[in-house]
Amino acid sequence: MELNPLNADLIIKELEDTVFSKIIILDEVDSTNELAKRIIKEEKPQEGILIIAEDQSAGKGRMKRRWWSKKYLNLLFSLLLKPKIDRRLGFSLNMAAAISFVEAIKEIYDIEVMIKWPNDLYIKEKKLAGILTEFFLEGNLLSYVIIGMGINVNWAPEREDMIYPATCLAKEKGMYIKREPILVEGLKKFDRYYKDILSNHLEELYEKWNKKCMILGKEVLVRDKDREIKGIALRVEKDGTLIVKVADKEVKILYGDVSIIMQN
Ligand code: BTN
């Protein structure tokens, strides 16, 4: 497998006109999300920092899980944003990140990627990417938001302690995949959706996200901290709440892990 570091000059040039006015590319860090948090604490930065790492010694997933990767093979990055929008619009930022990369991967590699609520990217039944978003509040407004994303481009973990099987783009295409085009195209698209969110134009984003959400209309099992809910996934509301039909009632689920129940 080729081990090529990311081309920093190309990334900086391609993202010149986007919200990312500062781009940090590191060989290794504990976690790009943790670094973003330290920057917020120490520098109270302005809008739009992109932090990319070739490797993470303590990559974090949702629900206190680890995120695994291999140096120079995948994409690991955090977007540090300062959106000053109502906290209830926070989930739309997840939606923007997910749909941007779904569209970028479809355009560049013609691979159909779906979104599994709340914000995993899947190819068929295998996980391709994950998003970990952390919000900071100032009253009812978001002050800072960190959107951390890991995309398995050329390597996918195969570990027994993983709940979901994983895949990577290289496996799906049967060839080495250059990382820069996906990163750049995905972030250019994100930049456009982000501007829509800031100007409260959310309909197109919601519509596209819902079309790509793989669980809607399916029988699902959702586990949150202390419940297991089985029913039909009906819709995802604008604030990210999943609505599941159980018997004849609609149950609201704020967060959790969802599996699709396969019918034979
Ligand atoms: C998940 O699926 O559980 C979310 C995974 C998020 C992983 C990314 S990799 C870059 C950023 N830094 C981290 O420590 N985590 C996120």
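Remember, predicted model here, so these are calculated numbers, not experimental data. (Residues numbered from 1 in each chain as written. Predicted model: local features only at pLDDT ≥ 70, side-chain atom pairs only at ≥ 80, totals over all residues. Heavy atoms only, no water.)

A. Expanded view of the overall build of the protein. Assigned secondary structure in the protein consists of six helices and twelve strands. Taking 18 Å as the expected radius of gyration for a compact globule of 264 residues, we find that the protein reaches 18 Å, a close match to that expectation. If one aligns the C-alpha atoms of the protein with their principal axes, the spans along those axes are about 55 × 45 × 30 Å. Within the span of the protein, comprising 264 residues, buried residues form 53% of the whole. Restricting the contact set of the protein to residue pairs at least 6 apart, pairs at least 24 apart contribute 68%. Roughly 12900 Å² of accessible area belongs to the protein as shown, and the carbon and sulfur atoms make up 51% of that amount. (Helix = DSSP H or I, 4+ residues; strand = E, 2+ residues; numbered from the N terminus. Rg over C-alpha atoms; globule rule 2.2 N^0.38 Å. Buried < 20%, exposed > 50% of the residue type's maximum accessible area, 1.4 Å probe, protein only. Contact = heavy atoms within 4.5 Å. Areas by Shrake-Rupley, 256 points an atom, 1.4 Å probe, with all protein chains shown as cover.)

B. Expanded view of helix H5 (residues 180-198). Spanning 19 residues, H5 covers 27 Å between terminal C-alpha atoms, matching the ideal 27 Å at 1.5 Å per step. Among the residues of H5, those classed as buried are Glu180, Ile182, Leu183, Val184, Gly186, Leu187, Lys189, Phe190, Asp191, Tyr193, Tyr194 and Ile197. One or two steps after H5, the chain reaches Asn200, where phi turns positive at roughly 65°. (Expected span 1.5 Å × (residues − 1).)

C. Representation of the packing of helix H3 (residues 90-109) against H5. Two elements in contact, H3 and H5, have axes whose closest approach is 8 Å; the angle formed by their N-to-C orientations is 140°. Considered as vectors, H3 and H5 are oriented oblique to each other. Judged by the twist between their axes, the crossing of H3 over H5 is right-handed. Each residue belonging to the contact of H3 with H5 can be placed in one class, and the counts come to 17 nonpolar, three polar and four charged. (Axes fitted to C-alpha atoms, helices over the stretch in contact; angles between N-to-C directions. Parallel < 35°, antiparallel > 145°, perpendicular 65-115°, else oblique. Left-handed = near helix turned anticlockwise from the far one by under 90°. Nonpolar A, V, L, I, M, F, W, Y, C, P; charged D, E, K, R; others polar.)

D. Quick peek at the sheet that holds strand E12 (residues 257-260). One open sheet accounts for five strands, arranged E11-E10-E9-E8-E12; its pairing is antiparallel. Each end of this open sheet is capped by a strand with a single partner; those strands are strand E11 (249-253) and E12. The mean angle between the axes of side-by-side strands here comes to 45°, regardless of whether they run parallel or antiparallel. In terms of strand pairing, strand E8 (residues 219-223) meets strand E9 (residues 228-236) through five bridges, oriented antiparallel. When the sheet's bridge partners are listed, Arg223 is paired in E9 with Glu228. (Pairing = 2+ DSSP bridges.)

E. Region of the structure containing the packing of H5 against helix H6 (residues 203-211). Look at H5 against H6: their axes get within 9 Å of each other, and the N-to-C directions meet at 125°. Judged on the interaxial angle alone, H6 and H5 are oblique. For the pair H5 and H6, contact is made by Tyr193, Asp196 and Ile197 and by Glu204, Leu205 and Lys208, respectively. Taken together, the residues of the contact of H5 with H6 sort by class into three nonpolar, no polar and three charged.

F. Up close: the pattern of salt bridges. This model, assessed by the stated rule, comprises 27 salt bridges. Two residues, Glu112 and Lys212, come together in a salt bridge whose shortest N-O distance is 2.6 Å. Of the two residues, Glu112 sits in the loop between H3 and strand E4 (114-116) while Lys212 sits in the loop between H6 and E8, which places them 100 residues apart along the sequence. One salt bridge in this structure joins Glu204 and Lys208, with 2.8 Å as the shortest N-O distance. Of the two residues, Glu204 and Lys208 are both situated in helix H6; the distance of four residues between them amounts to about one turn of the helix. Accessibility expressed as a relative area gives 29% for Lys208, which makes it partly exposed. A network of salt bridges, in which partner residues are shared, links Glu34, Lys37, Lys60 and Glu134. (Salt bridge = Lys/Arg side-chain N within 4 Å of Asp/Glu carboxyl O.)

Distances and angles like these do not, on their own, reveal function.
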